[in-house]
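Residue-level structural notes
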Amino acid sequence: MKRAADIGAALFGALLLAPLLLCIALLVLLGSGAPILYREERIGQYGRPFFLLKFRTLRPGSSTDSSIAPEDDPRITGVGLPLRRSRLDEIPQLYNVLVGDMSLVGPRPMVLKHMEALDLATRQQLQSVRPGVTGPASIQFFAEDAVLAGRPDAELEYLQLLLPAKAAVQLHYLRHWDLSLDLRIICLTLASVWSPRAREESRRRVEDILAHRRA
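Residues numbered from 1 in each chain as written. Predicted model: local features only at pLDDT ≥ 70, side-chain atom pairs only at ≥ 80, totals over all residues. Heavy atoms only, no water.

**Topic: the overall build of the protein**
Scanning the protein from terminus to terminus reveals eleven helices and four strands. Computed over the C-alpha atoms, the radius of gyration of the protein is 17 Å, within 12% of the 17 Å expected from 2.2 N^0.38 for a compact globule of 215 residues. Dimensions of the protein, computed from C-alpha atoms along their principal axes, come out at roughly 50 × 40 × 35 Å. Buried positions account for 46% of the 215 residues belonging to the protein. When the accessible surface of the protein is totalled, it reaches about 11,300 Å², and 62% of it is carbon and sulfur. The centroid of the 27 positive side-chain charges in the protein is displaced by 3 Å from the centroid of its 23 negative side-chain charges. (Helix = DSSP H or I, 4+ residues; strand = E, 2+ residues; numbered from the N terminus. Rg over C-alpha atoms; globule rule 2.2 N^0.38 Å. Buried < 20%, exposed > 50% of the residue type's maximum accessible area, 1.4 Å probe, protein only. Areas by Shrake-Rupley, 256 points an atom, 1.4 Å probe, with all protein chains shown as cover. Lys, Arg positive; Asp, Glu negative; His and termini not counted. Charge placed at Lys NZ, Arg CZ, Asp CG, Glu CD.)

As structure tokens, this is what we get:
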């Protein structure tokens, strides 16, 4: 049922958003040249790697020393920042859904470095399902890039503090999953993208985690 819902919704979304996809592609091309899409290896279901697609928001050939990109990261392009804030750079992942790499809702797929930072039991549970384009952690930690901006140890704080907190949220989702929960998460994701209140709530949540754990 979940796979059938993913295929139907991804096809509908791709057709509905086709004009927007074309506009964003042109903006990326005119703003920072080719390539338009960015392919990054992520860890999928059962630990199988796959290439996740995004609209490119970092400068071509920029350094990949850091596994995260806070909002003040100099690698982010002028067009890339609003795309990242609105999550419009994630739309090409509808293709990943159609080919079976991902689901619309699920734990967000991680790069290998992030996955290896978690304990074995957590990794196994997160990898038991297809990763998602969105999920509960995507909503709750929506403003993490803004909060991490300006922090000298942003990547370390992410790995040691935010990543375990996000994993806990995703494990809770897996324990309580049903299709109605997925529908609710999709609706909340769409609402959060355009909500200053949702962004502020997420900012406070991330700041509280960083302050509490550090103390």
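More follows now that the structure is in view.
**A word on the packing of helix 1 (residues 2–16) against helix 2 (residues 18–32)**
For the pair helix 1 and helix 2, interaxial distance at closest approach is 4 Å and the crossing angle is 60°. Judged by the angle between their axes, helix 1 and helix 2 are oblique. Contacts between helix 1 and helix 2 involve A14, L15 and L16 on the former and, on the latter, A18, P19 and L21. (Axes fitted to C-alpha atoms, helices over the stretch in contact; angles between N-to-C directions. Parallel < 35°, antiparallel > 145°, perpendicular 65-115°, else oblique. Contact = heavy atoms within 4.5 Å.)

**A short note on helix 10 (residues 179–193)**
Its 15 residues give helix 10 an end-to-end C-alpha distance of 22 Å, which sits within 8% of 21 Å, the value for a rise of 1.5 Å per residue. When we look at burial in helix 10, the residues that qualify are D182, I185, T189, S192 and V193. The buried side chains of helix 10 occupy one side of the element, clustering within an arc of 95° when seen end-on. Helix 10 presents L183, R184 and L190 as exposed residues on the side facing more than 90 degrees away from its buried surface. (Expected span 1.5 Å × (residues − 1). Arc of directions from axis to C-beta.)

Read these as layout, nothing more, since geometry by itself doesn't imply function.
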